[in-house]
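In case you want the letters, here they are:
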Amino acid sequence: MSDCLFCKIIAGDIPSSKVYEDEVCYAFYDIAPQAPTHFLVVPKAHIQSVSQVTAENSAVVAHIFEIIAKLAQELGFAEAGYRVVSNVGQAGQQSVPHLHFHVLAGRDMTWPPG
Ligand code: AMP
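Everything quoted here is computed from the prediction, not taken from an experiment.

## Remarks on the state of the cysteines
Consideration 1: Counting across every chain of the model gives zero disulfides.
Consideration 2: Here Cys4 stays unpaired: no disulfide links it, and the sulfur of Cys7, its closest cysteine neighbor, is 3.7 Å away.
Consideration 3: Take Cys4: its relative accessible area is 5%, and that puts it in the buried class.
Consideration 4: Free of any disulfide, Cys25 has its nearest cysteine sulfur in Cys7, 14 Å distant.
Consideration 5: According to the relative accessible area criterion, Cys25 is buried, its value standing at 0%.

So, in structure tokens, the structure goes:
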């Protein structure tokens with residue numbers, strides 16, 4: 001989508017600090033980290049949010065979770081634990097309307113989230 005921030009990042013039109021990339025997804029460090037390690041994993045195809053996941057596109061989400069598990073191992077925080085978050089819509093405080101999973105690690109998380 002031409003006016004989507006994350007589509008522009010995926011296309012390389014806006015710079016990002018890449019963690020991982022394949023044909024399905026792109027992972028990059030969050031510009032305002034909320035933990036010592038904080039990156040986002042996004043599908044390359046524009047999907048607005050978890051609310052737009054369907055039987056037709058859910059394989060992309062399964063793939064993203066495989067990649068998150070792999071990156072957690074490779075980056076060394078799988079054993080300590082970490083958090084995966086996807087904010088949805090206005091009440092969920094989603095600020096960028098392109099599906100993304102926050103991966104936060106490197107500190108003890110609190111619950112419930114604010
Ligand atoms: P959300 O509020 O759940 O939609 O998450 C959007 C995230 O995108 C926030 O954590 C922002 O800090 C992050 N963000 C916004 N612009 C950029 C950017 N140019 N590069 C990396 N992360 C960004």
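## A closer look at the environment of Val41
Consideration 1: Within the element layout of this structure, Val41 appears in strand S3 (residues 37–43).
Consideration 2: Val41 gets classed as buried once you look at its relative accessible area, which sits at 0%.
Consideration 3: Sequence separation between Val41 and Val24 is 17 residues; the distance between their C-alpha atoms is 10 Å.
Consideration 4: Not counting residues within four places of it along the chain, the set of residues in contact with Val41 comprises Cys25, Tyr26, Ala27, Ile64, Ile68, Leu99, His100, Phe101 and Val103.

## A closer look at the packing of aromatic side chains
Any two aromatic rings considered together are summarised by their centre-to-centre distance and by the angle between their planes.
Consideration 1: Tallying each qualifying case throughout the model produces six aromatic pairs.
Consideration 2: Between Tyr29 and Phe39, the ring centres sit 6.1 Å apart and the planes meet at 85°, which makes this aromatic pair edge-to-face. One end of the pair, Tyr29, is in strand S2 (residues 25–29); the other, Phe39, is in strand S3, and 10 residues separate them in sequence.
Consideration 3: Owing to a relative accessible area of 0%, Phe39 belongs among the buried residues under this scheme.
Consideration 4: Ring geometry for Phe39 against Phe77: centres 6.3 Å apart, planes inclined by 50°, an arrangement best described as tilted. Here Phe77 lies in the loop between helix H2 (58–75) and strand S4 (82–85) and Phe39 lies in strand S3, a separation of 38 residues in the sequence. One exposure class covers both Phe39 and Phe77, and it is buried.
Consideration 5: Put simply, the rings of Tyr29, Phe39, Phe77 and Tyr82 touch in pairs and so form one group of aromatic residues.

Calculation criteria
- Residues numbered from 1 in each chain as written.
- Predicted model: local features only at pLDDT ≥ 70, side-chain atom pairs only at ≥ 80, totals over all residues.
- Heavy atoms only, no water.
- Disulfide = S-S within 2.5 Å.
- Buried < 20%, exposed > 50% of the residue type's maximum accessible area, 1.4 Å probe, protein only.
- Helix = DSSP H or I, 4+ residues; strand = E, 2+ residues; numbered from the N terminus.
- Contact = heavy atoms within 4.5 Å.
- Phe/Tyr/Trp six-rings, centres within 6.5 Å; stacked < 30°, edge-to-face > 60°.

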